[in-house]
Amino acid sequence: MVLNRSCLLPMAFRDVNARRHIGLQQLSSLALAGRTLLGPVKSCKFIVDEITNESTLICSAVRLIESLDLTSAAGQLLNETIQAQTKEFKTGMSTLLFLVGAWSNAIVECLQQNVPVSAIVSVMSEGLNSCCERVQCLQISIHDVNKELCSSSVRPYASKSKTCQTGCDSLPNSQLFLYFQKDISVPEVIPMNSCSHQDDDCNFNKHLVSPLPGFDSVASLVKPAGDKSTSVISGSGVATSSCNKQKLTHSRYFSTLGKSRFSSQQGNFQGYHLGPSADSCECRGLGHLAMALSHGNETSMKLLQSIVTYQQETAKHSGSSQLNVADIVTCCLVGLPESYSCASPGFVTLVSPEQVTVIKYFEDKLLRILLIDGDLTEQYRHLGFNRPCNVRTIVEHPSLQEGDLWISSMLDNLIKFEVNLVLVKGNVCKNLMESCIANSILLVSSVTWNVLCAFGEVTGAQPVTYLSQLNASCVGSGAQVELWKACDGRAMDLGELVPVRIKAQGLPLLTALLTTTVASKMQFIEDQFWTLMYRLHHALIDKKVFIGGGAVELLCLSHIQMLVEQPLQLPNQNAAKEFHNPWQAASARGYNSVVLQALASGWKQYLLVVMCNTTKAASELEACTSVDNYLRKAADCGSPSAYILNEFRRGCLLRDGAGPFTDHREGLKVYDNVTAKTEAWRRALDLVLLVLQTDAEIVTSPRKNQLLNSHVSSEFMFL
Amino acid sequence: MSRLEAKKPSLFITDPLTKDGVSQSLSLLNRILKSCYGPAGQLKQLHNGMGGYVCTTSQSSAILSRLPVSHPVLGVLMASVQNHISRFSDCGLFTAILCCSLIENFKSLNIASCTVIKISKHLLSLCMDYLKSETCGCRVAVDFSSVETLLCLVRSVLRSKPACMLNKTEVDHLATLILKAFLFTVPCHAESNAVLGKCVIVPMKSRRVMDSAVLPGLLIEVPEIQLAKPLTVKRTCSNMIKIALFCLSMSGDSFSPKEGTITVHHGISLEMSELNQLLNVGKQLVNDEVGLVVCQKVIHPSLKQYLKENGVIAVDRAGLSLMEPLSRMTGSKPIASIHDLSPGCYGSLKDVCVESFASKNFVHLIPNDTVVCSLVLCNRNETTWDELKRACETAEHVLQLTLKEPLALLGGGCTETHLASYIRYKSCSLSTSSFEDIGCSQTQYQLVADGFCRSLESVARSLNHDEGEILTDMVYGHCWFVPPGFPPASSWSDLVSKCGCGVNGNGENLKWRLLQGQFGSVVTQDCPKEPLVKAADFLTLDCYAAKCSGLQVALETANLISDLLYVIKDQN
């Protein structure tokens, strides 16, 4: 039995009063929860599970969506879209989520003005295409970016203090100013590689302008999944406008500002320290680019910079590409202060304390290594092997226990081939582990595939599934093991688990050690690190970046303004050849400007919220005035793109996202990914239009009676 | 303890069509299907109401297959439409909507159903004769020496599926790819019994549509990087690669009995003996100079290791769907038992290499003769990808049907309105003797013909989902769309620019009239003319074979349903 749930909006074009599209409303309310995650300064949220009382801290759209209740069809589609963007880019999800909400709202307004669905669909998608083409002029090739960033780092400081001055002028809230000054105690600001002629004032000013990473932690409370989505909104909505100011007074409880500032410099020493940076400009350039893409996330940026430099150093010998994401792994150490974060060549992972003696025994020795691509337990069989069910074994002389027999034979195998170190993809049998420790064999479990492959390549080991497959050619050699030591030279003992570093000659692997004392922060520190990593990765794939800080969105707004004023420009030449063109129909009726403005409102809301989140504006109204101001100036100037580009170069564009780079003079430049950004736009619009064009849900559930008895039964029709 | 329950008597329903519930369900189904029709069709979200996958679609194949219905009348209708879809892929909604409209229109006529059936059969034969004749004004010959008409056909299929979320550039790009893939599958050396090859769609979800690509040969995904780069492969003396294709599981678990129990003594391992047998197969493969082993299911890691050490590439988990094209492409016979391995089973390949798209790695098998190709299909998320896949399969099928019968029908509602005009003209000019032959009066004939024409026109009308008007012209009988919101008083020629299929512009005065709904007056009509020029760049074209079949299926199903007298329902 199947039910047809006729649309919650029955044929939008028939009934004027029913122009409230439930699907779009669901999208918009889900997206509202993600407002504070937008922009370089995010407010984290606590997700509290009301049943278990467990809470986690989240700071990204993906994690938010994961914890929301998404049983509605629109919610499922939103989840699917966010996951797709994550899978492809690992960045741009917050933008996507936000625009989904903003455009849903804007389209609902269009529907209320009786704009036909077909006109909204065609004008919006044509408009987005047109904008994506228009903003191409704000792309800068990676090569040019490197040149620019490098030259600016060499350039003497003459023009800089002026930039800072303008920056401060545009900071609207003098109250904020004071808070910043209070919070930043000067001794913590130790300029790195500082130029002797750097003006103290300037340095200080920049501090004030920049949002600091530690400040972003004010949490607004989000109710758990399983609750209605509306309750989420009520929870977070309140926090949005007010908390950015409040957070400054409370920040010391959450903030890691002082420590992290200190740490990142320490980190540079303890991490892989790279050769002279000043003379190899190209290689420093990627580091600059990483910074420009980091949007104020300093810890991750520092980590990434040292990774990039290390990879470039090694690439000089091997001639491989600039950033190899597959060779990077993360290791999370909860319990160490964030200052201990660093990048370490080789593979760092956690092992049980019992194995420490084996590791110490192995130190300075070259080890024979074996790679296992499954579990190391007696019951484990490879994927696709169906356990026999109807086989009975007769045991005539019950003597040795089965398990012991297996362990001893496995151990014999390992000893026979003189294996010292086994990296296992899955789990390891506990008893076998103990026997191995006794025989000085180190077993490391839960090793990912790319790590196995990397070790396979440099040690010559061939991954096997069973120990019975073992032969001489499977075992590699030349691996080294040592306890991982923190910057102060001390091996860390984290109580339960011990970090160990495994390396081999020529091993390209790099481990980013992410540390924090706050366990609930771990997840988002790791997420942030990977986000930044993939931003750089995609910038290198695209070979170009957008100038950031709202420039692209601003140009979109100005472009749409122009389209609205000169509607004849938009339909391209091909459109004339088209037949039954809804676009023409729309423009004839003047739906054009209404729909285009709806499109523009998405980006405008985006800018306003980013400005408010970063406290560049005290209220949305103020932000709105400021954006309108820019738009007017851009229009007056004749060439909006040239104006925006120029403002960006001067470093005073909307003054957001500058990042807290007090110790880097070029910190004012911010860049964005090209494809990730435009794809996020496209995916957001596609989702909204997909839901917009949906007029009915068909529920293929077998439970007709249950639906009949539910409170929404009147909305259903049955076939 | 078992319990016997008395059987319930069967339920006996007379004249099912006159029952309220049936006609309501029928009109609801008609409304759902009409709202899906065409490039501006509204989408449906199909899901189980408990979270999980949501299918967003406007395609009949997806909707009808997931929409089980309770009433047998609807069951008959959906079954015959689904049967049409399985044979032709295209024109499913056309068939279903036409069928529903015919049932509704015929029911309202108050003429004995046997008379209606006889007249409608005659009308159908008039239509079919006209569609088959050279003078037919709504069909175009497809010229295979140029790609333009073929591209139009593919574009029309893609454009009519709005849930694919494609923009114009993407439609053009994909249309080219689909056509390219289709041309790969046409054998180069035409024989009398040439068989088309196969295009295999490789899923690549969450990427941009523009990243899609067509490759000759087949791609098999290898889950992780198991292969050394660059790939070295053993070749035979003729520089070919010998390939063995297994369609059984080689994971080493086949000793497990399906029924009954095996009892073995402790110390005897069935697993080991099975593995030894597999390794013997491996030995034979190595001896036979096989360079590549492909297995539909899983290969035991030990066998894989053995093959690898002997320079044989082993690829497992190829999947059932690849077996047929693999065997076709390589000329190998799939080996179903490890005991009958004979040299005659092996096939050959020109080359093997490793390709990677996004994060996925593939083994690319390149054949000598490319009748098998792979379409790496990308779309931004799961639901739009699934929709696009269905659309691509339809488009490929349409091309195959067109190759058989190189004709196409004008799309965008023009064929329907043109046929309706033709039938209106024809039904007025029939001789009295033909009415006697059919066994009806002229009035009866005219009434049924009008119902038939209105049904056809209602299909064209359902292309429009806004409040705008739909017109037809009195010269060519084509279909014209007026954007919503214009006062009906203004001159039609100011409001329309092109007809639905794109052949006619509004250059001449074409005497437009409104395409009326249910209560239109009977229109007298001249024979509709054939448009002067039928070659334009952006024509909307429909598949000839699919539409002809759809017309027949719709009418025959409608006749069958109008003729239903009793429904007997077993209630046990």
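Parameters and conventions
Residues numbered from 1 in each chain as written. Chains lettered and ligands numbered in written order. Predicted model: local features only at pLDDT ≥ 70, side-chain atom pairs only at ≥ 80, totals over all residues. UniProt positions renumbered as here; feature names shortened; annotations may be inferred. Buried ≥ 20, exposed ≤ 12 C-beta atoms within 10 Å, placed from the backbone. Helix = DSSP H or I, 4+ residues; strand = E, 2+ residues; numbered from the N terminus. Pairing = 2+ DSSP bridges. Expected span 1.5 Å × (residues − 1). Contact = placed C-beta atoms within 7 Å. Nonpolar A, V, L, I, M, F, W, Y, C, P; charged D, E, K, R; others polar. Axes fitted to C-alpha atoms, helices over the stretch in contact; angles between N-to-C directions. pLDDT = per-residue confidence, 0-100. Domains from an automatic or database assignment. Core = buried A, V, L, I, M, F, W, Y, C linked by C-beta atoms within 7 Å. Left-handed = near helix turned anticlockwise from the far one by under 90°.

The name given to chain B in an unreviewed UniProt entry is Molecular chaperone MKKS, and the organism recorded there is Melopsittacus undulatus. Per UniProt, chain B has the following entry under Sequence similarities (unreviewed entry): "Belongs to the TCP-1 chaperonin family." The UniProt entry for chain B carries this comment under Function (unreviewed entry): "Probable molecular chaperone that assists the folding of proteins upon ATP hydrolysis. Plays a role in the assembly of BBSome, a complex involved in ciliogenesis regulating transports vesicles to the cilia. May play a role in protein processing in limb, cardiac and reproductive system development. May play a role in cytokinesis."

**Observations regarding the pairing of strand β15 (residues 372-379) of chain B**
On a regular strand, one side chain projects to one face of the sheet and the next to the other, so that they alternate. Residues and elements named next belong to chain B. Of all eight residues in β15, eight are buried, a share of seventy percent or more. With burial as the criterion, each face of β15 is covered, one bearing V372, S374, V376 and C378 and the other bearing C373, L375, L377 and N379. Sheet analysis places strand β5 (residues 198-205) next to β15, joined by eight bridges and oriented parallel. From the neighbouring strand, C199 faces β15, where its bridge partner is C373.

**Describing helix α18 (residues 522-542) of chain A**
For α18(A), built from 21 residues, the straight-helix expectation of 30 Å at 1.5 Å per residue is met to within 8% by its first-to-last C-alpha distance of 30 Å. After α18(A) finishes, the residue A:K543 shows a positive phi value of roughly 65°.

**A few points about the interface of chain B and chain A**
The interface of chain B with chain A comprises 72 residues on the first partner and 62 residues on the second. Listing elements by their share of the side of chain B that touches chain A, those giving two or more residues are α1 (20-36), β2 (43-47), β9 (262-265), α9 (301-309) and α11 (382-404) of chain B. The residue inventory of the side of chain B that touches chain A, partitioned by class, reads 27 nonpolar, 31 polar and 14 charged.

**Considerations on the sheet that holds strand β15 (residues 510-516) of chain A**
All names here are of chain A. One open sheet holds the three strands; their spatial order is β6-β15-β7, and the pairing between them is mixed. Where the open sheet ends on each side, the last strands, each with one partner, are β6 (328-334) and β7 (342-345). Across the sheet, the mean angle from the axis of one strand to that of its neighbour is 30°, orientation sign disregarded. Alignment of β6 against β15, held across seven bridges, turns out to be parallel. The partner of C331 across the bridge, within β15, is L513.

**Observations concerning the confidence of the model for chain B**
Summary statistics for chain B give a mean pLDDT of 88 and a share of 95% for residues scoring 70 or more. The ipTM for the predicted assembly is 0.92, set against a pTM of 0.85.

**Observations concerning the domain arrangement of chain B**
Along its sequence, chain B is carved into domain 1 (11-138 + 410-569), domain 2 (143-217 + 376-405) and domain 3 (218-256 + 269-369). Of note, the centres of domain 1 of chain B and domain 3 of chain B, computed from C-alpha atoms alone, are 52 Å apart.

**Here we look at the nonpolar core**
Among the nonpolar cores identified, the biggest contains 340 residues, and A:V100, A:I120, A:F455, A:V595, A:V688 and B:V154 are the most heavily contacted of them. In terms of residues, this core owes the most to one element, helix α22 (residues 591-613) of chain A, which gives 15 residues. Discounting residues that sit within four places of it in the chain, B:V154 has contacts with B:A175, B:I178, B:L179, B:A395 and B:L399.

**With respect to the packing of helix α4 (residues 92-107) of chain B against helix α16 (residues 544-562) of chain B**
Residue and element names in this part refer to chain B. The contact between α4 and α16 brings their axes to 8 Å, and the two run at 35°. Seen from above, α4 lies across α16 with right-handed handedness. Within the contact between the two elements, α4 uses F94, T95, L98, C99, L102, I103, F106 and K107 and α16 uses K547, G550, V553, A554, L555, T557, A558, I561 and S562.

**Examining unusual backbone geometry**
Of note, A:K90 is a non-glycine position whose phi angle comes to about 60°, a positive value. The residue A:K90 is located in the loop between α3 (73-88) and α4 (93-112) in this model. With phi around 55°, B:M165 is a residue other than glycine that occupies positive phi space.

**Some details on the environment of B:R66**
Take B:R66: it is sitting in the loop between α2 (60-65) and α3 (72-88). B:R66 gets classed as partly exposed once you count the C-beta atoms within 10 Å, which come to 16. Between the C-alpha atom of B:R66 and that of B:D340, which follows or precedes it by 274 residues, the distance is 42 Å. Apart from residues lying up to four places away in sequence, B:R66 is in contact with A:T700 and B:L46.

**Topic: the environment of A:N420**
Structurally, the position occupied by A:N420 is in the loop between α15 (402-416) and β11 (421-424). In contact with A:N420, other than residues within four places in its own chain, are A:F362, A:L367, A:R368, A:I441 and A:L442.

**Section: the sheet that holds strand β7 (residues 218-222) of chain B**
Residues and elements named next belong to chain B. Read across the sheet, three strands follow the order β7-β14-β13 without closing on themselves; strand pairing throughout is antiparallel. Of all the strands in the sheet, just β7 and β13 (351-357) have a single pairing partner and so form its edges. Strand-to-strand twist of the sheet, defined as the mean angle between neighbouring strand axes without regard to direction, takes the value 30°. By the bridge criterion, five bridges tie β7 to strand β14 (residues 360-366) in an arrangement that is antiparallel.

**Structural notes on helix α25 (residues 674-692) of chain A**
Between the first and last C-alpha of α25(A) there are 27 Å, a value that for 19 residues agrees with the 27 Å anticipated at 1.5 Å per step. Taken across its 19 residues, α25(A) has 18 buried, putting it largely inside the fold.

**Structural notes on the confidence of the model for chain A**
Residues and elements named next belong to chain A. Chain-level statistics for chain A give a pLDDT mean of 74 and a share of 67% at 70 or above. β11 holds the highest mean pLDDT among the elements of chain A, 96, whereas helix α8 (residues 174-183) holds the lowest, 32. Low pLDDT, under 50, characterises residues 569-583; the stretch is placed with 25 contacts to residues that sit more than four places away or in other chains. Scored below 50 in pLDDT, residues 656-667 shows 51 contacts in the model against residues more than four places distant or in partner chains.

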